[in-house]
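The lines below spell out each chain.
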Amino acid sequence: MTSEKKPGKTARYGMTIDVDRCNGCGACMVACAVENNIPPAHEGANDRKGITWIRVFQVDNGEDYPNRRSAFVPVLCQQCGKDAPCVAVCPQQAVEVDPATGIVGQMPERCLGCRYCMVACPYHARYFNWWDPAWPAGMEKTLNPDVAPRMRGVVEKCNFCHGRWHAAIERAAANGRAIEAVDYVPACVEACPTGAIQFGDLNRPESAPAQAAKNGNSFRLLEKIGTEPKIYYRSKKDWVRQIASAPKPGIGKETSRG
Amino acid sequence: MNTTRRDLFKFVGGSVVGAFLTPVPWRLITDSALWSENWPGIPRPARGEIRTRFTNCALCPAGCAVRARCVGDQPVALMGVPGHPLSHGALCPFGLTAHHLPSLPSRLKQGPAKEAAQAVSAAISKCGPAEQVAVLDLRPGRTASWTYRRALASVKNGLYLAPPSPLGGSAAFDLQKAKTVLSFGAPLLDGWGTPGNVIAARENFRLIQAEPLESCTASLADLWLPIRPGSEEALAQAIANVLADRRGQGPGGAPADSAGRGQGNLAAATGLTEQQIASVAEELAHNGPALVLDAGQTPSAMELNRQLGSLGRTIVARRETPVPESWKKAAPVTNLTSVPDGSIRVLLIDESAVDGYLSWSTIARKLVRDNPLIVTFAWSRQGYGRYAQYVLPTAVYPEVFDDIPPAIDSASAAFRIAAPLVAPPAGMVNPSEFIGGLAGLPAADALRERADAIHKAGRGTLFTYAGAKSAALRDVKPDDFWKALNEGGCWLDAVDEKRDKPILPDMAAPGATESSTEDLPLVAITCETRAAAAPLSPLMSKLYQESNLRLSPNHAVLNPVTARACGVGDGARAILQTRCGSAQIEISLDSGVPPGVVKVAAGAGMIDLCGASTRAKVVAA
């Protein structure tokens, strides 16, 4: 399945992340959790069982002290533009690509929790609800009214803050016009204090991601597998760009810090 | 054909097995999933009118401007305010999740306020002539701080204490003017000063970070100098020697520090080469204006600033935010470290606004030995409440109604109010009303009185959120000024064109560094100090538990070589021992940590353990 559309007809939302600006503060992670009603960690949650639609990994050049050099790489659903593996494997059609936006969406109501999509996702950007969503007493009233909490036993992932997109459509419609690229940004983009994350429509050449895609220092994660991710990273450091295309054995997600 | 009971069993069994090969089970699973989405165990978000309100974050002295998205009166999301002159739209993870803080399970809901007031009054009346009644204010410069000082001026042996500060409140670092910044472990890009202001200035200066660990700041610095733990003084001295040589003032050849070490020995102590040090000194001298920052607040860093001519350029005098004339009969600000040991009989600690957590041993040595009275005003018992007789519950941001003094990187005086977004619950104690009450001072209208004093001074501008505009204060009426402040507005002082060089307080020389001993062979380095005393939203588990982005409390990181020497492995439970006590920790291994170092996360307990004593030992539990 593909979300590639002709420019001007539909949007093809994407992001650019400047790794050289990311200071690993984690504002994007908590802003995402607030926006999308992701619950705090269950007692038994850890870095494998927790839910972080966007997760900042600390990667390094593989050297020991004092030659170690690190960088922070936020990883979220890469919104594959072509042959998204999660779409193909879902037995429930719970994963669909929205042709109007190119956003790979996850429908928890359809999901039966088989987790095939988690296995298939080459970016490990999908998370399973191991526990009922629970907030400390009194914190429920701080939930975002635009997003329904998901139940135990389903998979969830980044959807570029679909609730915000819907709200933007309504606002635009109220003003008698169609939604434009500048009408909404996901919560992580809004929260990033360093401005490392930018969002826009890849079909519009003037948008930040479209410009970033042309930058010589841009790269996408695991570009060689041909999924055409719509998240473009950028770094002037050679070793960062190399890690993105060919992670060293043993320095994958499972052992990197993040 | 006879149908036997056996046939019946076979038919039923076959039907059950066959059913698994049909879509029925899948359909049932799907339907149960649909049903479970709406079961009562899943909370339903409240609905209502969506409103936007503004305030200023009171969690740290940065005081970032906040835009709150509210359903009715309940904030459901907090964001920064783009275009704000101080915070430039930035908000840290702590600030983004602050609307959860009123619901923290560990929050204190009630406390013995009347009993505490009686105990304090009784203890004050029994104070001996050499014994002090002190208030330790962990965020000086607020209107509440003035109330404490005014109250203590009329209390016998009253003493107003503030934590040690490199600039003493009358000066600020001006990053916008700096071209080269040398930082001795200051977390410049990870929460130092006003994060948005630092980020806005970052394009204009070259950052040299000198610290043993590759912190977030070090990883983004233009140059990271991986120095040996505890060698910051030696590096500062070595750079000062090079600068003195350049000016022809040095002894030449082999200048020595107070310990008689020559340049070669100083370089060896830092783990850097003499060429590296000379290169840094040259850069500071050539690519000015320069600025030297120091996490440890040592005098040598400030001396470097003097040599580099930073005073008046990148370290500037800052006028005080105006206060009513009648307030100026107040107790002076006393640095905690300058108080004689064993002299405080009654200590009141305001933990409701905390800029940094001091190790308890630093405070405890100032108390009299026999039954000192300690009262803390705090949101929980996790801080100094562990050592106090009375812990009185306070409102927590965003319930508080308090002002935020200008941050250390704010070149102009500023006044902004953390206007409450939600009402505090009943039973909360207002520290300024409690302490003001000891001297019969009304404190309820202090903020308004100060706002009027600022308006009377008539200088500066008022930044409001309506279109993100600034207006000259003289064009604003007093009531409008007060209203704007309550709606998240910010007053910024006019730049004083004729300002003099700042007068900096004398800083105490650092205590003798503990040398390596057989029993404590490691150096403990605390990180994540911002999270030490501040209340944390449960959602911060995304950073501390559900990912390994930040080091979680009671975790320690060792180099694999060090871990082998200590007899511990990855994920092992261990005991961290210092001169101040011991604690159980969980070990992680990382070859990016220098050998001989144990990196620990700074909770309040860990700062009490490691804050005053950097030597440590790790043993298997």
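This report concerns the structure included in the present document. (Residues numbered from 1 in each chain as written. Chains lettered and ligands numbered in written order. Predicted model: local features only at pLDDT ≥ 70, side-chain atom pairs only at ≥ 80, totals over all residues. Heavy atoms only, no water.)

Considerations on the overall build of chain B
Piece 1. Helix and strand counts for chain B stand at 18 helices and 26 strands.
Piece 2. In chain B, which comprises 621 residues, the share counted as buried stands at 54%.
Piece 3. Restricting the contact set of chain B to residue pairs at least 6 apart, pairs at least 24 apart contribute 72%.
Piece 4. Working note: accessible area of chain B is about 26200 Å², and carbon and sulfur atoms make up 53% of it.
Piece 5. One way to put it: in chain B the 60 positive side-chain charges average out to a point 4 Å from where the 56 negative ones average out. (Helix = DSSP H or I, 4+ residues; strand = E, 2+ residues; numbered from the N terminus. Buried < 20%, exposed > 50% of the residue type's maximum accessible area, 1.4 Å probe, protein only. Contact = heavy atoms within 4.5 Å. Areas by Shrake-Rupley, 256 points an atom, 1.4 Å probe, with all protein chains shown as cover. Lys, Arg positive; Asp, Glu negative; His and termini not counted. Charge placed at Lys NZ, Arg CZ, Asp CG, Glu CD.)

Regarding the overall build of chain A
Piece 1. Along its length, chain A carries seven helices and 10 strands.
Piece 2. For a compact globule of 258 residues, the expected C-alpha radius of gyration is about 18 Å, and chain A comes in at 18 Å, within 12% of that figure.
Piece 3. Viewed in the frame of its principal axes, chain A has a C-alpha envelope of about 55 × 45 × 35 Å.
Piece 4. Taking all 258 residues of chain A together, 57% fall into the buried category.
Piece 5. Here the contacts in chain A between residues at least 6 apart in sequence split such that 66% fall between residues at least 24 apart.
Piece 6. Each charge class in chain A was averaged separately, 33 positive and 27 negative side chains, and the resulting centres sit 3 Å apart. (Rg over C-alpha atoms; globule rule 2.2 N^0.38 Å.)

Thoughts on helix α8 (residues 232-246) of chain B
All names here are of chain B.
Piece 1. Taking 1.5 Å as the rise per residue, α8 with 15 residues should run 21 Å; its terminal C-alpha atoms sit 21 Å apart, in good agreement.
Piece 2. Among the residues of α8, Ala234, Leu235, Ala236, Ala238, Ile239, Ala240, Asn241, Val242, Leu243 and Ala244 are the ones counted as buried.
Piece 3. The inward-facing, buried residues of α8 abut β7 (180-184), β8 (206-210), β9 (223-225), α9 (263-270), α10 (274-286) and α11 (299-307).
Piece 4. Of the residues flanking the end of α8, it is Gly248, one or two places downstream, whose phi is positive at about 75°. (Expected span 1.5 Å × (residues − 1).)

Comments concerning the packing of aromatic side chains
All names here are of chain A.
Piece 1. The final tally for this structure, using the stated rule, is 13 aromatic pairs over all chains.
Piece 2. Taking 5.6 Å as the distance between ring centres and 85° as the angle between the ring planes, the aromatic pair formed by Tyr13 and Tyr184 counts as edge-to-face. Linking Tyr13 in strand β1 (residues 13-18) with Tyr184 in the loop between α4 (162-174) and α5 (187-191), this pair joins segments that are 171 residues apart in sequence.
Piece 3. Look at Tyr184 and you get buried, because its relative accessible area is 3%. (Phe/Tyr/Trp six-rings, centres within 6.5 Å; stacked < 30°, edge-to-face > 60°.)

Some remarks on the environment of Pro289(B)
Residue and element names in this part refer to chain B.
Piece 1. Tracing the sequence through the fold places Pro289 in the loop between α10 and β10 (290-294).
Piece 2. Remark: the alpha-carbon pair of Pro289 and Phe205, spanning 84 residues in sequence, is separated by 9.4 Å.
Piece 3. If sequence neighbours within four positions are ignored, Pro289 has contacts with Lys177, Ala178, Lys179, Thr180, Arg313 and Thr314.

Observations concerning the layout of surface pockets
Piece 1. Size it by volume and the second largest pocket reaches roughly 1100 Å³.
Piece 2. If you trace the second largest pocket, you find 50 residues lining it, with Glu35(A), Asn144(A), Asp146(A), Arg164(A) and Arg69(B) closest to the centre.
Piece 3. For the lining of the second largest pocket, the secondary-structure elements that each account for two or more residues are α4, α5 and β8 (197-201) of chain A together with β1 (50-56), β2 (65-71), β3 (74-80) and α6 (195-202) of chain B.
Piece 4. Tallying contributions element by element places α4(A) first for the lining of the second largest pocket, with six residues.
Piece 5. Residues belonging to the lining of the second largest pocket are distributed by class as follows: 26 nonpolar, 12 polar and 12 charged. (1 Å grid on protein atoms, 1.4 Å probe; cavity = no way out; pocket = protein on both sides within 12 Å on 5 of 7 lines; lining within 4 Å. Points joined across faces, edges and corners; volume = space filled by probe spheres on them. Nonpolar A, V, L, I, M, F, W, Y, C, P; charged D, E, K, R; others polar.)

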